[in-house]
Amino acid sequence: MVALYCAGIAVLVIVGFLFGRSRAAIAERSEPLHSRPPYHGAYVSICVLLPMLLLLAIGLPIADHLVTSQALHAFDPAVINDDLKRGAALRDIVALAQGRLPGEPSIALRRAADVYVSTHSWTYNLILATGLVFGLLGASFGLRSLSTRFRARNRVERVVKWVLLAAALVAVLTTIGIVFSVLFETVRFFERVSPFEFLFGLQWSPQIAMRADQAGSSGAFGIVPLVVGTLLITTIAMLIAGPIGLFAAIYMAEYASPRFRSFAKPLLEILAGVPTVVLGFFAALTLAPLIREVGESVGLNVASESALAAGIVMGMMIIPFVSSLSDDVINAVPQSLRDGSYAMGSTKSETIKKVILPAAFSGIVSAMMLAISRAVGETMIVVMAAGLAGNLTFNPLQAVTTFTVQIKTILVGDQEFDSAKTLAAFALGFVLFFFTLTLNVIAMQIVKRYREQYD
Amino acid sequence: MNSMVQVKHSEAVGAAPGIGVKPKVIARDVNVYYGEKHALKSVDLDVPERSVTALIGPSGCGKSTFLRCINRMNDTIPIARVTGKIEIDERDIYDPTLDVVQLRARVGMVFQKPNPFPKSIYENVAYGPKIHGFARSKAELDEIVTTSLQKAGLFEEVKDRLNESGTSLSGGQQQRLCIARAIAVSPEVILMDEPCSALDPIATAKIEELMDELRANFTIIIVTHSMQQAARVSQRTAFFHLGILVEEGATETMFTTPRDRRTQDYITGRFG
Ligand SMILES: Nc1ncnc2c1ncn2[C@@H]1O[C@H](COP(=O)(O)OP(=O)(O)O)[C@@H](O)[C@H]1O
Ligand SMILES: [Mg+2]
């Protein structure tokens, strides 16, 4: 039905456009037009489209509600107020109505399915018919308002503006919505666990909370081990990706021949496209055992899952981010500055060190910040390579855990949705969000402070 | 011939520099190719010491290309190839044993668009002396920066804000900063590629005045689009056309009695 409705919209929109345009084109023969004919066509299309879409948006939910409530009434009014039974009954009714219910249905179910089918068909047909009428009315309204002096262009432009505004609002509102829902759950979490304990507690073991017989059944929700783990892994990753990414970018931008560039750049982008799961099992199955072996051969005690392995692989993951962003930034430094420096008799490396990097500084900082955000938010590699244990340690050879890993661990599997443990995931999410936000704000400040204007 | 250009009668012009005076820069049979394109064709030119030589000619005739040969900036363009011989003080600058870094310390350059580094005014001028190790102490560096800015006629305007960014200056000030930056390494030759084309008339006048002072100590070669400017600032002029050096001589003679038909057409504004 919806498909049919959309086809109806498409046909009416196209016909409306053609009519409007040709009407305007004909009128143009006698008198000059205010707007070009396609704008007249577009105006008629909009007159068709808006009412039809509006009707669909309002009509569908109403129809669905009507259909289900009628069917449930026919089945057994008692189930309506019971969420579980209601869902089960509805599933059966729909299955029967679509002829794919196994076994012999009860009388009540059969009755309900009949009601379902008939209500479904008349409401939907009503929507379809009304929609077509709306569309035709819209078209005739649009066509009637056309005249040589009609300001179709201005109206179409205004509609375009509103559509774009709506898209922007959706983007902004969903973000705000997500932040607020996380914030809301976080507040609920803090009703159970004190923020002080959460922020400064040295022990993280939410699992304990699941066992009510345990003495401290409230669990331990101190995030310090997670902060340390996250920072440890991120630091290792940045120690690798920062210099390598930046140097690679400098080589690509300043030294590489166009031939080398033309194959090395796509290659780096492929590295950026490797799914993190793949990198994760590379870390867990290849790198971590290697590190362990090497460590043990020199007499070090290395855990089979280590911060080092996760950090190194994460570093490899973000090298392409750093290098490709820095490369763009370095290329944006005007050639005239290079010429100026070379003409003073400076060498290539002096020019890079003293002119290009300072000029590109703000961009490079933001590239690094972006890379850090990526590293902090990365889950898969750490899950696979760094372990789950909330050890509080600065030793990169030990297993550590991070925010993202704990969020994932908490939420995987069946959960009661208002235990402190589950809510802790939201609190972690909120802290993570706050951390990345701070990072971005700092990056923006640095960028502003060092921004140089080239005209 | 009725020249539309007023030639300034300066003392130096009468002496016809370049004739009898030892030339600072000598170019012989210089050819430049950009890939397949033959951009400069067998150019011979003598540039006299401590004077201003103007290179004029229509766009794309190879003036900038020739200028970039003199400090080997063409080396930075991968597809450019230079043949022939250019000597400065009788030393071949395309000799493989010659150090380009030292050459560029001796031959400064000022570009068409002012290109101060995104650093402070002080750091801009100190850039050259620092990389070449000219100053042994902070005091010496300060001294070099101050005198360079003075010579470039900028010191009075910026002395209270040496730590502000060079890019915060006006266009004309930026260009004088670039001149100060160039003379801070005490070059012998200064190349200027249309240094006033991005500037307003007042800033242009200041730079022209400056060139007149600088020629007491430096050999200046300037590319210019404006024949009036060539006439005002230079003692000798070379006219390029389609990669060929058509004619060169004392500025006064060039603008009053050009020998070549093409020069005549250009300076009377028939093309260009
Ligand atoms: N980097 C370059 N690559 C290729 N061709 C160039 C380059 N620079 C200049 N040319 C060509 O060489 C010719 C001379 O250019 P140029 O010396 O810049 O002329 P002018 O400075 O007299 O206007 C022009 O035809 C130009 O297209
Ligand atoms: Mg030029």
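All residue numbers here refer to positions counted from 1 along the written sequence of the relevant chain. Throughout, the order in which chains and ligands are written sets their labels, letters from A for the former and numbers from 1 for the latter. Side-chain atom pairs in this predicted model are given and counted only at pLDDT of 80 or more, local residue features only at pLDDT of at least 70, and totals for whole chains, interfaces and linings cover all residues. Water and hydrogen atoms were dropped before computing side-chain values, which therefore reflect all heavy atoms in the structure.

Visitor: When you look at the site of ligand 1 in this model, what are you seeing that I'm missing?
Guide: Residues and elements named next belong to chain B. A cutoff of 4 Å decides nearness: a residue is near a molecule or strand if any of its heavy atoms lies inside that distance of it. Near ligand 1 you find 13 residues, and of these Lys37, Gly60, Lys63, Ser64 and Thr65 are the closest. Nitrogen and oxygen atoms within 3.5 Å of one another constitute a polar contact, given that in protein one can donate a hydrogen and the other can accept it, and given that sequence-neighbouring residues count only through two side-chain atoms. Take Thr65: an N or O atom from its side chain is 2.4 Å from an oxygen atom of ligand 1. We get accessible surface area from the Shrake-Rupley algorithm with a probe of 1.4 Å; when it comes to residues, only the shown protein chains can shield them. Across the complex, the protein chains shield 68% of the 550 Å² of accessible surface that ligand 1 would expose by itself. What counts as a helix is a DSSP run of H or I of at least four residues, what counts as a strand is a run of E of at least two, and both are numbered from the N terminus. Elements that contribute at least two residues to the shell around ligand 1 include exactly β2 (37-48) and α2 (63-70). Ranked by residues supplied to the shell around ligand 1, first place goes to α2 with four residues.

Visitor: Is there a simple way to think about the pattern of salt bridges in this case?
Guide: Residues and elements named next belong to chain B. Salt bridges are counted wherever a side-chain nitrogen of Lys or Arg sits within 4 Å of a carboxyl oxygen of Asp or Glu. Inspection of every chain in the model, using the stated rule, returns 28 salt bridges over all chains. Asp75 is the partner of Arg72 in a salt bridge, and the nearest nitrogen-oxygen pair spans 3.0 Å. Throughout, exposure labels follow a simple rule: accessible area from a 1.4 Å probe, protein chains only, divided by the maximum for the residue type, with under 20% read as buried, over 50% as exposed, and the rest as partly exposed. By relative accessible area, Arg72 is classed as buried at 12%. In this structure, the salt-bridge partner of Arg261 is Asp265, at a minimum N-O distance of 3.7 Å. Of this pair, Arg261 and Asp265 both sit in helix α11 (residues 261-267), four residues apart, which is roughly one turn of the helix. Judged by relative accessible area, Asp265 falls into the buried class, the value being 14%. Several salt bridges converge on common partners, so that one network encompasses Lys24, Glu49, Asp89, Arg106 and Glu188.

Visitor: Would you mind going over the nonpolar core with me for this structure?
Guide: Proteins that are soluble and globular tend to have nonpolar side chains buried together. To form a nonpolar core, buried Ala, Val, Leu, Ile, Met, Phe, Trp, Tyr and Cys residues must be joined to one another through side-chain atoms within 4.5 Å. In terms of nonpolar packing, the biggest core is built from 76 residues, with A:Phe189, A:Phe198, A:Trp204, A:Phe221, A:Ile233, A:Ile318 and A:Leu428 touching the most fellow members. In terms of residue count, the dominant contributor to this core is helix α12 (residues 348-377) of chain A (13 residues). Throughout, a contact is declared for two residues whenever any of their heavy atoms are within 4.5 Å. Apart from residues lying up to four places away in sequence, A:Trp204 is in contact with A:Phe198, A:Ala220, A:Phe221, A:Gly222, A:Ile223, A:Pro225, A:Leu226, A:Gln406, A:Ile410, A:Ala424 and A:Leu428. The next biggest cluster of nonpolar side chains, apart from the first, holds 45 residues, and it includes B:Val145, B:Leu199, B:Ile207 and B:Val246.

Visitor: What is the right way to look at the packing of aromatic side chains in this model?
Guide: In this description, a pair of aromatic rings is defined by centroid distance and the angle of the planes. Two rings from Phe, Tyr or Trp (for Trp, the six-membered ring) form a pair when their centres are within 6.5 Å of each other. A pair whose planes differ by under 30 degrees is stacked, one over 60 is edge-to-face, and the rest are tilted. Summed over all chains, the structure comprises 14 aromatic pairs over all chains. With centroids separated by 5.5 Å and ring planes inclined at 85°, the aromatic side chains of A:Phe189 and A:Phe221 adopt a geometry described as edge-to-face. Note that A:Phe189 is positioned in helix α5 (residues 152-192) and A:Phe221 in strand β2 (residues 220-221), a separation of 32 residues in sequence. Their ring planes at 80° and their centres at 5.8 Å tell us that A:Trp204 and A:Phe221 sit as a pair that is edge-to-face. Of this pair, A:Trp204 sits in strand β1 (residues 204-205) while A:Phe221 sits in strand β2, placing them 17 residues apart in sequence. On the basis of relative accessibility, which here comes to 6%, the residue A:Trp204 falls in the buried class. Stacked on the ring of A:Trp162, the Lys or Arg A:Lys161 has its end atom at 5.7 Å from the ring centre. Each ring is checked for a lysine NZ or an arginine CZ that lies within 6 Å of its centre and within 35 degrees of its normal; such an atom marks a charge sitting over the ring. Between the NZ or CZ atom of B:Arg81 and the centre of the ring of B:Tyr33, over which it lies, the distance is 4.5 Å.

Visitor: Even after reading the chapter, I still don't get the pairing of strand β4 (residues 80-88) of chain B, so can you show me in this structure?
Guide: Regular strands show a simple pattern: their side chains alternate between the two faces of the sheet. Residues and elements named next belong to chain B. Relative to β4, strand β1 (residues 23-34) is paired through eight bridges, and the arrangement is antiparallel. Residue Tyr33 lies in a different strand from β4, and its bridge partner there is Arg81. Looking at chain direction, β4 and strand β5 (residues 91-92) are connected through two bridges and run antiparallel. Bridged to Ile88 within β5 is Arg91. Two strands form a pair only when DSSP identifies at least two bridges running between them. Here β4 folds back onto β5, and the loop between the two strands holds two residues, one of which, Asp89, carries a positive phi near 50°.

Visitor: Sorry if this is basic, but what is going on with the environment of A:Ile107 here?
Guide: Summarising the element assignment, A:Ile107 is placed in helix α4 (residues 107-145). Once the C-alpha coordinates of A:Ile107 and A:Ala241 are considered, the two residues, 134 residues apart in sequence, prove to be 68 Å apart.

Visitor: Would you mind showing me how to read the domain arrangement of chain A here?
Guide: Interface extent is often summarised as the accessible area lost during association of the parts. All domain edges in this entry derive from an automatic or database-based domain assignment. Here the domain parsing of chain A yields domain 1 (2-150) and domain 2 (218-450). Averaged C-alpha coordinates put domain 1 of chain A and domain 2 of chain A at centres separated by 49 Å.

Visitor: How do you make sense of the interface of chain B and chain A when you look at a structure like this?
Guide: Taken together, the 23 residues of chain B in the interface contact 21 residues of chain A. Simply put, the buried area is the total loss of 1.4 Å probe accessible area from both parts when two parts are fitted together. It is B:Pro118, B:Tyr127 and B:Ile131 that lose the most area in chain B upon contact with chain A, and together they represent 31% of the buried surface on that side. Our enumeration of links across chain B and chain A arrives at zero salt bridges. Where chain B touches chain A, the interface holds five residue pairs in polar contact (both at pLDDT 80 or more). Listed by contribution, the elements that provide at least two residues to the side of chain B that touches chain A are α3 (100-106), β6 (107-110), α4 (121-132) and α7 (171-183) of chain B. Among the residues forming the side of chain B that touches chain A, the class breakdown is 12 nonpolar, seven polar and four charged. Polarity classes work like this: nonpolar for Ala, Val, Leu, Ile, Met, Phe, Trp, Tyr, Cys and Pro, charged for Asp, Glu, Lys and Arg, and polar for all others, with Gly in that last group.

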